[in-house]
Amino acid sequence: MAELDVIAIVGGSLAGLRSAEALRRRGYAGRIVFVGEEPERPYDRPPLSKEVLAGKREPEQIALSKPEKFDALELDLRLGRRADSLDLDDRIVVLADGEQLRFDGLIIATGASARALPGAPTLPGIHTLRRLNDCLALRRELETSPRVVVVGAGFIGAEVAATCRGRGLDVTLVEALPLPLANALPQAIGAVCAEVHRDAGVDLRCGVGVDEIFGGDRVEGIRLADGACIPADVVVIGIGVAPNTGWLESSGLALDNGVVCDASLATAAPGVVAAGDVARWHHPLFDESTRVEHWTNAVEQADAAAARLLAGPDGAEPFAAVPFVWSDQYDRKFQSAGRFAPDDEMRVFHGSLEERRFVALFRRGDRLSGALAVNRGRQLIGYRRMIAERVAWKDAIAQAESADAGG
Ligand SMILES: Cc1cc2nc3c(=O)[nH]c(=O)nc-3n(C[C@H](O)[C@H](O)[C@H](O)COP(=O)(O)OP(=O)(O)OC[C@H]3O[C@@H](n4cnc5c(N)ncnc54)[C@H](O)[C@@H]3O)c2cc1C
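Computed from a prediction, not measured in an experiment: that's the story for all the values here.

Enquirer: Where do I start with the domain arrangement of the chain in this structure?
Expert: By a frequent convention, interface size equals the accessible area lost on bringing the separate parts together. By the assigned domains, the chain splits into domain 1 (6-112 + 242-315), domain 2 (116-237) and domain 3 (331-404). Centre-to-centre separation of domain 1 and domain 3, based on C-alpha positions: 31 Å. Of the residues lining the interface, eight residues belong to domain 1; the matching set on domain 3 comes to nine residues. Approximately 650 Å² of surface area, both sides summed, lies buried where domain 1 meets domain 3, with 46% of it carried by carbon and sulfur atoms. Per-residue buried area on domain 1 facing domain 3 is highest for Leu 285, Phe 286 and Glu 288; these three make up 73% of the total on that side. A salt bridge links Glu 300 to Arg 384, with the shortest nitrogen-to-oxygen separation between them at 3.1 Å. Our count for the domain 1 to domain 3 interface comes out at four residue pairs in polar contact (both at pLDDT 80 or more).

Written out as C-alpha cells, the structure reads:
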C-alpha cells in the first residue's frame, strides 16, 4: 500500500464513489483524485426512469452520499471535468482541459452512455436517458401532456413507458424484437411483460423496426418499418448503452466492448483496475467473459476493485458475485439473479405466469444458473445464494417443490 501515494478514480458516479469509500474504509490514507464528467456530486441513476421522471422525487433527494459523509472522504475533486486520455508510461490521466493528473493507482469507473438510434435526426423532443440532465429535460416536456413514443422495450424503455403511463400520457412502445426483453428473457416471460404494458394502456408494437423519425422544428412522429405512422410530441430512445472507453483508445489497454480485466478486475497494466458498467471480466462462476450494466454489480465491483488495487497481484481474488438486477414497472417488481438466456431450460415456482407473480428458475448444465422473480423478491434472495453455492439443478428444484408444497 505504501507505494500508492496517489490513486486516481475516473468516473464520478456510483462505482467511482463506492470505490473511494472502499479505499478509505480499508485504511487508505493517501491522496484520491476523483474525476467526473458530470458537474453534480454522485447521484443515483435508477430513480431517473422512475420517481424523478414521475415528478415524485427531486434531484437533491437522489444523492448517493450525504454531504458530510462525502466531504469526510477528503477527495481531491475534479467534477465537471472529462478525462481525455491515459498515458500508461508516465502514469498520467490527461483531462480535456489539459490538466495532467499523475497517479500511482487508477480505478476506471467511467460507466456507459445511452446508444443513439442510427440515422435518427437531431430534433428537439427526441431524448435519451442516462444523466440527471437528460431526465430533467424529458420531465419538463412531459409536463405539457405530450404523446410519447418510446423506442426499445428493454429495462429502461419499459420503465420510461410505465412512468409516462403513470403520468396519464398516451404512450406507444416500439420494439424491434418479437417481445419486450426478448434478447434477455424467455418468450413466456417477455409475454408477461407485454401483457403488463398492454393492460396499463400502452400501445405496444413489437417485431417492427423504426424507418424514420421525422419533424420540422421539433419531432412530429415516427414511421415504422410496417408503414405505420405514429404521431409523437416526444420520442425517447431506449436501445441500450455502450461502455465509455473512448478516452482509453490510445492507452494500450485492452478494450473489447468494455475494459478487459482478469477475474480480479485488474487490467494488464500494473495498478490499474476497473469497476462497474465499463468493466469486462472473466466471471469464474459462469466461466464466461461478461460485462454487467446494473446497479448492484457496480457497488460490489467497486469494493472488489479497490481491494484488488490495495492488495496488489499477490492478494488477487476472483470477483464472483452473482449478478442481481431489478426493474420496477407499474406495480410489478422484476428481479433477477445469475445468468440465463432465452433458450435455457426454465421452471416456474411460487406462483404462476398467469398471476404475474412467480419465480422462474434457469438451468445450465446440471446447475441452477439463474432466477427471475416477479413480485417475489424475498424468495429470490435464497436462490441468489444457491447460485453462488453452485447448487445442483435437481436440488434447487426439490427445494422449490418442497416450499410450494408447504414443506
Ligand atoms: C435511467 C436509469 C435507470 C436505471 N435503473 C436501474 C435499475 O432499476 N436497476 C439496476 O440494477 N440498474 C439500473 N440502472 C443501471 C445503473 O444505474 C448502472 O448500472 C450504474 O449507474 C453503473 O454505475 P457506474 O458508476 O459503473 O457507471 P455510471 O453510473 O454510468 O457512471 C459513470 C460516470 O463516469 C462519467 N464519465 C464517463 N466518461 C468519463 C470521462 N472520460 N471522464 C470523466 N468522467 C467520465 C460519467 O459521466 C458518469 O458520471 C439504471 C440506469 C439508468 C440510466
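Enquirer: Is there a simple way to explain unusual backbone geometry in this structure?
Expert: Trans peptide bonds make up most of the peptide bonds, and negative phi angles are found at most residues other than glycine. In the Ramachandran plot, Glu 74 falls in the positive-phi region, its phi being about 50° despite a non-glycine side chain. Within the secondary structure, Glu 74 sits in the loop between α3 (67-72) and β3 (76-79). A positive phi angle is found at Arg 91, which is not glycine, with a value near 55°. Note on placement: Arg 91 falls in the loop between β4 (83-87) and β5 (92-95). You can call Arg 91 partly exposed: its relative accessible area is 21%.

Enquirer: Whenever I open this one, the site of the ligand confuses me. Can you help?
Expert: Among the 35 residues in the neighbourhood of the ligand, the closest are listed as Ala 15, Glu 38, Arg 45, Lys 50 and Arg 130. Take Ser 13: an N or O atom from its side chain is 3.4 Å from an oxygen atom of the ligand. Contact between the ligand and Trp 326: a nitrogen atom at 2.9 Å from a main-chain N or O atom of the residue. Computed on the free molecule, the ligand has an accessible area of 1000 Å², of which 96% lies beneath the protein chains in the complex. Those elements that provide at least two residues to the shell around the ligand are α1 (14-25), α5 (155-166) and α7 (295-311). When its residues are assigned to classes, the shell around the ligand shows 14 nonpolar, ten polar and eleven charged.

Enquirer: Would you mind going over the pattern of salt bridges with me for this structure?
Expert: A pair can form between side chains of opposite charge whenever their charged atoms are brought close. The full count for this structure, using the stated rule, is 34 salt bridges. Between Asp 97 and Arg 81 there is a salt bridge, with its nearest N and O atoms 2.5 Å apart. Here Asp 97, found in the loop between β5 and β6 (100-102), pairs with Arg 81, found in the loop between β3 and β4; they are 16 residues apart in sequence, far enough to count as distant. According to the relative accessible area criterion, Arg 81 is partly exposed, its value standing at 23%. The residue Arg 364 makes a salt bridge to Glu 288 at a minimum N-O spacing of 3.6 Å. On the criterion of sequence distance, the pair formed by Arg 364 in strand β25 (residues 357-364) and Glu 288 in strand β21 (residues 288-290) is long-range, its members being 76 residues apart. Within the structure, one salt-bridge network assembled from shared partners comprises Arg 31, Asp 76, Arg 78, Arg 81, Asp 97 and Glu 99.

Enquirer: It is not clear to me how the packing of aromatic side chains should be interpreted in this structure. Could you clarify?
Expert: Two descriptors summarise a pair of aromatic rings, namely the distance from one centre to the other and the angle between the planes of the rings. One pass over the structure, following the stated rule, counts four aromatic pairs. Ring geometry for Phe 34 and Phe 70: centres 6.3 Å apart, planes at 75°, overall edge-to-face. Residue Phe 34 is found in strand β2 (residues 31-36), and its partner Phe 70 is found in helix α3; the two are separated by 36 residues along the sequence. The class of Phe 70 is buried, set by a relative accessible area of 3%. Residues Phe 340 and Phe 362 carry aromatic rings whose centres are separated by 4.1 Å and whose planes lie at 10° to one another, so their mutual orientation is stacked.

Enquirer: In this structure, what is going on with the environment of Glu 401? I would like to understand it.
Expert: Looking at where Glu 401 falls in the secondary structure, it is placed in helix α9 (residues 393-404). Ignoring sequence-local partners within four residues, the contact set of Glu 401 consists of Arg 347 and Phe 349. Side-chain polar atoms of Glu 401 contact the side chain of Arg 347, separated by 3.1 Å.

Enquirer: How should I be thinking about the sheet that holds β25 in this particular structure?
Expert: Within a sheet, each strand pairs with its neighbour through backbone hydrogen bonds, oriented either parallel or antiparallel. The strand order across the open sheet formed by five strands is β22-β23-β26-β25-β24, and the pairing between neighbours is antiparallel. Edge positions in the sheet fall to β22 (324-329) and β24 (345-352), since each has one partner strand and no second. Going from strand to strand, the sheet's axes swing by 15° on average, the running direction of each strand aside. One ladder, built from six bridges, connects β22 with strand β23 (residues 332-338); its direction is antiparallel. Residue Ser 327 lies in a different strand from β23, and its bridge partner there is Phe 334. Across the sheet, helix α6 (residues 187-199) lies against β22, β23, β24, β25 and β26 (367-374), angled at about 155° from β25, the strand it touches most. Contacting β22, β23, β24, β25 and β26, helix α8 (residues 377-388) runs over the sheet at an angle of about 165° to β26.

Conventions we followed
Residues numbered from 1 in each chain as written. Predicted model: local features only at pLDDT ≥ 70, side-chain atom pairs only at ≥ 80, totals over all residues. Heavy atoms only, no water. Domains from an automatic or database assignment. Contact = heavy atoms within 4.5 Å. Buried area = accessible area lost by both parts, 1.4 Å probe. Salt bridge = Lys/Arg side-chain N within 4 Å of Asp/Glu carboxyl O. Polar contact = N/O pair within 3.5 Å; in protein donor to acceptor, adjacent residues only side chain to side chain. Helix = DSSP H or I, 4+ residues; strand = E, 2+ residues; numbered from the N terminus. Buried < 20%, exposed > 50% of the residue type's maximum accessible area, 1.4 Å probe, protein only. Near = heavy atom within 4 Å. Areas by Shrake-Rupley, 256 points an atom, 1.4 Å probe, with all protein chains shown as cover. Nonpolar A, V, L, I, M, F, W, Y, C, P; charged D, E, K, R; others polar. Phe/Tyr/Trp six-rings, centres within 6.5 Å; stacked < 30°, edge-to-face > 60°. Pairing = 2+ DSSP bridges. Axes fitted to C-alpha atoms, helices over the stretch in contact; angles between N-to-C directions.

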